[in-house]
Amino acid sequence: MAVAGTSGTGTRSTGSMVAAASTNNVTSFQRRGPRASGADSGCSRLVSIAGTRRSVRNGQLLVSTGLPALDQFLGGGLAVGTVLLIEEDKYNIYSPLLFNYFLAEGIVSGHALLVASAKEDPADILQKLPAPLIDHSYKKECDEDICGHKMESDIKMKIAWRYQLFPKMEGRPVLSSGFGHDYDISKRIPQELIETSKWHGFFLPEKISSTFNVESCSLTSGYMKLLQFIQNIIYEEGFDGSNPQKKQKNILRIGIQNLGSPLWGDDICCAENCDASHSLTKFLYILRALLRTSLSACIITVPTHLIQNKAVIARVTNLSDTVVGLESFIGSEKETNPLYKDYHGLIHIRQIPRLNNLIYDISDVKDLAFKLKKKLFTIEIGSPISSSLASLIAQLVKNPPAMRKTSVPFLGREDPLEKAKVTHSSILAWRIPWTVHGVAKSWT
Amino acid sequence: MSVQGKLTLLCDAKTDGSFLVHHFLSFYLKANCKVCLVALIQSFSHYNIVGQKLGVSLTAARERGQLVVLEGLKSGVDVFFRPREEPHPLQFLREANAGDLQPLYAFVRDALQPVDSGEAAWRCPVLLVDDLSVLLSLGVGPVAVLDFVHYCRATVCQEWKGNVVCLVHDSGDTEDEESDVLLNGLSHQSHLILRAEGLATGFCKDVHGQLRILWRRPLQPTTHRDRSLTYQYKIQDKSVSFFAKGMSPAVL
């Protein structure tokens, strides 16, 4: 009885196709599931999608988060079919930046976007995306392409030779087929890029009708509508492989802002024992299910510092794949700490998924600090390069690193490195810069 | 197989214990048992690919009827967006107050029912659940989950002399009462507890964690106390290596 556990009647088109695909094992859908590993014999049939690459370790399909530095610490990028959870910093200043980078990367790579927010109109969010740093001569080429003209003389190609690789696709010119780009956050993304991109917006106040239907399942109506919207887009645009005629496969990048905040109708940020305590976790489970069965990647920002119930935070973390926490120094005692004077905050990589593998790519370095310059958001391996060793130790002995005392209450699960700093001496903690020779350079 | 009719509890605290699930899955498949895998948290292809590294082919096992898989994620989407009248193992996803896991138990029972066929049957049936803690996140109460495990034990362990293996997350100090109730309840019911913990001193590249093995209800009535052993482990690409505490090859 080789039953796949789905319902017996296979009348749903997607379901039966999926079932057929999994049993036959010979299918053009080998890449439909984001778990197709490079070891499959059907590798030759796999079409490469712009803006993606395969993981070196296990052949997992990856997309860039928009910050090449962050990609590095996440094992090469964000795996297609997974959720990246950003724990917002306290005043929500830096997490929108990561959110915008992710979306901008989608536009530049030609991916489809789905932007959901309860606070801001998605059209406005897209207007504020950072501009990609591209060659000026190339930009002129891109304009010509949009007009449908043929490429001009070869002279331009010789100057901007590396752009010779980008595929000429009808209708949707891709700016670059590379993986991971740099952005200038002081400039806005050019309007024509937004117009040529395919995006779907979900703005909660527009979608919620005045009559509140009591939903049968325990999700808040906002989450319910969002899930249905996402599922609709995935199904209709064929991201789940339900439309085999669609020749050009593409990735859907989903961005959901401020999930769990009261704006979504959820009260886990308001009270410790809330009524809809399972709403967010159920939403995340169904979201994960939708992502695993489609070519999409999702970024969500959650104000975990507002959630008072630590158990909920732990559950939310367990239901997400990659979890990155942002901790800004504004208003905290670390702001005056001379160790951190060059930086704006810390980045905690709390969780990295093990996909199709027993092990995962975990970076040796756990101390990551970020800095927001005028044009760039940089991530550096936190180490005060300028101070001398003696003054450093003197400072540490006098003012022990605030990290020890301020427990970062994002997770019930303590960051193991925090404990390492407590039990070993501070000197051991500062051995890290010296043990990673050559890696401790700033990513600009 | 001497070990039959047992409930094995896999537990992880501050680390990821899913490698134990993969191990037991490949172990029982190689031992020619009939396995029902309730995979609630990852997709089937994830288990398949890891299983290939460990030397079993899950697709082949599924085709020959040795393995039955309930893919929680895939079926969950079905039942959530396209609800139907007949009971579905995951129908609690559609309900506001998730009642009990009766349909899920019915699925397990139907999957592992020993069939009286002429050909050589599989060895004892095995139920593998990955993982039970996610059911709490989906609104099912801990008592309902304990009831489900009790029913499965009564049928699979007592009646059919099979084994049940489940993975639970230990929530540690996050004051997750439901998780604590579930974990304590299961610990009392189980015969063997495998607990994967992160190291107390923090992250280490060469030793990924510590595994505590606790035998409860020992098989020989003469031994009174529960036996326990502790090993440290390092997970590699295709296997996991165990060593005694402090005896990691990186240290020696």
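Residues numbered from 1 in each chain as written. Chains lettered and ligands numbered in written order. Predicted model: local features only at pLDDT ≥ 70, side-chain atom pairs only at ≥ 80, totals over all residues. Heavy atoms only, no water.

Q: Just give me the short version of the overall build of chain A, but keep the residues and values in it.
A: Each helix and strand counted, chain A has 16 helices and 14 strands in total. Across the 444 residues that make up chain A, the buried fraction comes to 56%. Of the contacts made within chain A by residues no fewer than 6 positions apart, 73% connect residues no fewer than 24 positions apart. In the form shown here, chain A has an accessible surface area of approximately 19100 Å², with 54% of it arising from carbon and sulfur atoms. (Helix = DSSP H or I, 4+ residues; strand = E, 2+ residues; numbered from the N terminus. Buried < 20%, exposed > 50% of the residue type's maximum accessible area, 1.4 Å probe, protein only. Contact = heavy atoms within 4.5 Å. Areas by Shrake-Rupley, 256 points an atom, 1.4 Å probe, with all protein chains shown as cover.)

Q: Go over the sheet that holds strand β3 (residues 78-79) of chain A, please, and point to the residues and values.
A: All names here are of chain A. The sheet built from 3 strands is open, its strands ordered β1-β2-β3 with antiparallel pairing. Each having just a single partner strand, β1 (52-54) and β3 make up the two edges of the open sheet. Examined bridge by bridge, β1 and strand β2 (residues 61-63) share 3 bridges and lie antiparallel to one another. Residue pairing across strands places T52 opposite V63, the latter belonging to β2. (Pairing = 2+ DSSP bridges.)

Q: Which residues make up the sheet that holds strand β8 (residues 227-235) of chain B, and what values go with them?
A: Residues and elements named next belong to chain B. In space, the 9 strands of this open sheet follow the order β3-β2-β4-β5-β1-β6-β7-β8-β9, with mixed pairing throughout. Two strands close off the open sheet at either side, each with one partner strand: β3 (67-71) and β9 (240-243). Pairs of neighbouring strands in the sheet enclose a mean axial angle of 20°, with direction left out of account. As paired strands, strand β2 (residues 33-39) and β3 are joined by 5 bridges and run parallel to one another. When the sheet's bridge partners are listed, L37 is paired in β3 with V69. In the packing of helix α1 (residues 18-30) onto the sheet, the strands contacted are β1 (7-13), β2, β3, β4 (123-130), β5 (163-170), β6 (192-197), β7 (209-215), β8 and β9, and the crossing angle to β2 comes to about 155°. (Axes fitted to C-alpha atoms, helices over the stretch in contact; angles between N-to-C directions.)

Q: Residue-level account of the pairing of β9(B), with values.
A: Residue and element names in this part refer to chain B. Inspection of the sheet shows β8 paired to β9 by 4 bridges, in the antiparallel sense. Across the sheet, residue K234 finds its bridge partner in β9, namely S241. Linking two consecutive strands that pair antiparallel, namely β8 and β9, is a turn of 4 residues.

Q: Outline the packing of aromatic side chains, listing residues and values.
A: Applying the stated rule across the entire model yields 14 aromatic pairs over all chains. With a centroid separation of 6.2 Å and an interplanar angle of 55°, the aromatic rings of B:Y233 and B:F242 are classed as tilted. Using a relative accessible area of 42% as the deciding quantity, one classes B:F242 as partly exposed. Through successive ring pairs, a cluster of aromatic residues spans A:Y94, A:Y101, A:Y183, A:F370 and A:F377. A cation over a ring is seen here: B:R62 above B:F44, with NZ or CZ 3.9 Å from the ring centre. Directly above the aromatic system of B:F80 lies the positively charged group of B:R94, at a separation of 5.6 Å from the ring centroid. (Phe/Tyr/Trp six-rings, centres within 6.5 Å; stacked < 30°, edge-to-face > 60°. Lys NZ or Arg CZ within 6 Å of the ring centre and 35° of its normal.)

Q: Got a sec to walk through the pattern of salt bridges? Specific residues and values, please.
A: Scanning the entire structure with this criterion turns up 14 salt bridges over all chains. Its salt-bridge partner being A:D321, residue A:R288 comes within 2.9 Å of it at the nearest N-O pair. Here A:D321 lies in the loop between α11 (310-319) and β11 (322-328) and A:R288 lies in helix α10 (residues 279-292), a separation of 33 residues in the sequence. Both residues of the pair, A:R288 and A:D321, count as buried. Here B:E178 and A:R315 are joined by a salt bridge, their closest N and O atoms 3.0 Å apart. Of this pair, B:E178 sits in helix α8 (residues 177-189) while A:R315 sits in helix α11, on two different chains. Classification of A:R315 as buried rests on a relative accessible area of 12%. One network of salt bridges, in which partners are shared, links B:D170, B:R195, B:E197 and B:R212. (Salt bridge = Lys/Arg side-chain N within 4 Å of Asp/Glu carboxyl O.)

Q: Explain the packing of helix α5 (residues 102-112) of chain B against helix α7 (residues 142-159) of chain B to me, and be specific about the residues and the numbers.
A: Residue and element names in this part refer to chain B. Between α5 and α7, the shortest axis-to-axis distance is 10 Å and the interhelical angle comes to 20°. One finds that α5 runs roughly parallel with respect to α7. As α5 runs across α7, the sense of the crossing is right-handed. Each of L104, Y105, V108, R109 and L112 in α5 lies in contact with α7, whose residues at this interface are F148, Y151, C152, T155 and V156. (Parallel < 35°, antiparallel > 145°, perpendicular 65-115°, else oblique. Left-handed = near helix turned anticlockwise from the far one by under 90°.)

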